[in-house]
Amino acid sequence: MKVLGIETSCDETAAAVVEDGVRILSNRIASQVEIHARYGGIVPEVASRQHMLAIIPIISQAMADSETTWSELGGIAVTVGPGLAGSLLVGVNAAKAIASARDLPVTGVNHLEGHIYANWLSGQVVSFPVICLIVSGGHSDLVLMRGHGDYVALGRTRDDAAGEAFDKAARVLGLGYPGGPAVQEAAAGGTASIQLPRAWLRGTRDFSFSGVKTALLRLVEGGRISSVADAAASFQEAVVDVLVTKTVEAAKEYRVRQILLSGGVASNELLRRRLVEGSPLPVLVPEPVLCTDNAAMVAACGYFRFKASKVDSLDLDVIPGLKLA
Ligand code: KG4
Ligand code: ZN
């Protein structure tokens, strides 16, 4: 079964065709990153206008790349939340328009669930139960997944998301936007020699990254940073340390079979390496292009939703604050 996936929750307009939830036939992404880089972050009104301009060409290209005709599609999967309302609306309305014109079923996908399903797309075999760590610009969530669509939320960030912390740290260090790749690159030339605080929030599986960011800011303001590379390496080390420790603890406690990493921050090389080294269980990580926002992950998730008869009506609407589990 071929599913068209559509993703517009943030600043990427994306469409993809995926077969049986695992084979990518096409994967198109129009990034707005350069437009928002001018402002140092995402401007919601600009994002939704850009989605309007890009959505039809991107869907047409994804369909053409996949050499699929509308009648060969089994359904359409679209991100309904969480995300920016004005951005989500563009994708959801495009999906509903096509579904209605072509008489296709439509299913609404949770963006976080989409990130998890990126793990089905790299030829990896998932064995439930698994612990999922979803770390992106908007989220840091630790989730127990017992089967398709079966989630138990274990913890989440209480303030900044991991990616957001990377973005803010990069701004403080004058490294540009988006911050994650910039911090990683700068860190490669330094050593983690600066002691930065870690918020363990013992007794919970929640995260907090505002403290480490503020500690870094104080050091910079106090003129106590002699090497930007060392500061970037120390910051990256502090964030990765907490993410890995809490994820491995949860995996042991719930006796899962695998750990699934996903979201934009999952493309961080130190995080990938430390998690693999620190985990007694297999760690699955999507390839980098599938870690950041894309529509193939939405199509993959949509396939499993269709298989479970989770079809939505054309009343489908955006849910900007949607949670997982
Ligand atoms: O999943 P994503 O593309 O969008 C959201 O749903 O938020 O994640 C984007 C986030 C940004 O905060 C970006 O700085 C971060 O992922 N990121 C990284 C790396 N590549 C992207 N963070 C750390 N290291 C990286 N290599
Ligand atoms: Zn995302």
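Please refer to the structure higher up on the page.
Remember, predicted model here, so these are calculated numbers, not experimental data. (Residues numbered from 1 in each chain as written. Chains lettered and ligands numbered in written order. Predicted model: local features only at pLDDT ≥ 70, side-chain atom pairs only at ≥ 80, totals over all residues. Heavy atoms only, no water.)

Caption draft 1: Summary view of the packing of aromatic side chains. Going through the model one piece at a time under the given rule, you end up with seven aromatic pairs. An aromatic cluster of three or more residues is present, and its members are Tyr-117, Trp-120, Phe-128, Tyr-303 and Phe-304. (Phe/Tyr/Trp six-rings, centres within 6.5 Å; stacked < 30°, edge-to-face > 60°.)

Caption draft 2: Up close: the site of ligand 1. Near ligand 1, the surroundings consist of 19 residues, among which Gly-137, Asp-167, Gly-180, Gly-264 and Asn-268 are the closest. With respect to ligand 1, the side chain of Ser-136 contributes an N or O atom lying 3.5 Å from an oxygen atom. Between ligand 1 and the protein, one listed contact pairs an oxygen atom with a backbone N or O atom of Gly-264 at 3.0 Å. Look at ligand 1: alone it shows 550 Å² of surface, and the protein chains cover 89% of it. (Near = heavy atom within 4 Å. Polar contact = N/O pair within 3.5 Å; in protein donor to acceptor, adjacent residues only side chain to side chain. Areas by Shrake-Rupley, 256 points an atom, 1.4 Å probe, with all protein chains shown as cover.)

Caption draft 3: Summary view of the nonpolar core. Of all hydrophobic cores here, the largest spans 46 residues; its most connected members are Phe-235 and Leu-243. Elements with a minimum of two residues in this core: strand 6 (130–135), strand 7 (140–147), helix 5 (162–172), helix 6 (179–187), helix 7 (210–221), helix 8 (228–253), strand 9 (258–262) and helix 9 (269–278). Among the elements that take part in this core, helix 8 stands out by supplying 13 residues, more than any other. Core analysis: the second largest hydrophobic core is formed by 33 residues, Val-18, Tyr-117, Leu-284 and Leu-324 among them. (Core = buried A, V, L, I, M, F, W, Y, C linked by side-chain atoms within 4.5 Å. Buried < 20%, exposed > 50% of the residue type's maximum accessible area, 1.4 Å probe, protein only. Helix = DSSP H or I, 4+ residues; strand = E, 2+ residues; numbered from the N terminus.)

Caption draft 4: The packing of helix 2 (residues 44–65) against helix 3 (residues 85–102), seen in detail. Between helix 2 and helix 3, the shortest axis-to-axis distance is 8 Å and the interhelical angle comes to 30°. Relative to helix 3, the element helix 2 is oriented roughly parallel. Crossing of helix 2 against helix 3: the hand is right-handed. Two secondary-structure elements touch here, helix 2 through Ala-47, Ser-48, His-51, Met-52, Ile-55 and Ile-59 and helix 3 through Gly-86, Ser-87, Val-90, Gly-91, Ala-94 and Ile-98. Of the residues in the contact of helix 2 with helix 3, the class split is seven nonpolar, five polar and no charged. (Axes fitted to C-alpha atoms, helices over the stretch in contact; angles between N-to-C directions. Parallel < 35°, antiparallel > 145°, perpendicular 65-115°, else oblique. Left-handed = near helix turned anticlockwise from the far one by under 90°. Contact = heavy atoms within 4.5 Å. Nonpolar A, V, L, I, M, F, W, Y, C, P; charged D, E, K, R; others polar.)

Caption draft 5: A look at the coordination of the zinc ion (ligand 2). Around the zinc ion (ligand 2), the donor atoms from the protein are His-111 (NE2), His-115 (NE2) and Asp-293 (OD), and they sit 2.0 to 2.1 Å away. Considering all four donor atoms around the zinc ion (ligand 2), angles at the metal cover 93 to 145° and the coordination shape is irregular. All donors of the zinc ion (ligand 2) belong to a single chain; written as a sequence motif, their spacing is H-x3-H-x177-D. On the criterion of sequence distance, the pair formed by His-111 in helix 4 (residues 111–117) and Asp-293 in the loop between helix 10 (288–291) and helix 11 (296–307) is long-range, its members being 182 residues apart. Accessibility classification places His-111 together with Asp-293 in one group, the buried group. (Donors = N, O, S within 2.8 Å, 3.2 Å for Na, K, Ca; no water. Tetrahedral: all angles 85-135°; square planar, octahedral: opposite > 155°, others 65-115°.)

Caption draft 6: Structural context of the layout of surface pockets. Here the largest pocket is characterised by a volume of approximately 1,100 Å³. Lining the largest pocket are 40 residues, and of these Ile-42, Ser-136, Gly-137, Gly-138 and Asp-167 sit closest to its centre. Those elements that provide at least two residues to the lining of the largest pocket are strand 3 (23–31), helix 4, helix 5 and helix 6. Among the elements that take part in the lining of the largest pocket, helix 5 stands out by supplying six residues, more than any other. When residues are assigned to domains, the lining of the largest pocket turns out to be shared by domain 1 (2–117 + 291–307) and domain 2 (128–285), each giving three or more. (1 Å grid on protein atoms, 1.4 Å probe; cavity = no way out; pocket = protein on both sides within 12 Å on 5 of 7 lines; lining within 4 Å. Points joined across faces, edges and corners; volume = space filled by probe spheres on them. Domains from an automatic or database assignment.)

Caption draft 7: Region of interest: the environment of Pro-282. Inspection of the secondary structure puts Pro-282 in the loop between helix 9 and strand 10 (283–284). When its relative accessible area of 44% is taken as the criterion, Pro-282 is described as partly exposed.

Caption draft 8: Fine view of the environment of Gly-91. Its location among the elements puts Gly-91 in helix 3. According to the relative accessible area criterion, Gly-91 is buried, its value standing at 0%. For the pair Gly-91 and Ser-309, spaced 218 residues apart in the sequence, the C-alpha separation amounts to 22 Å.

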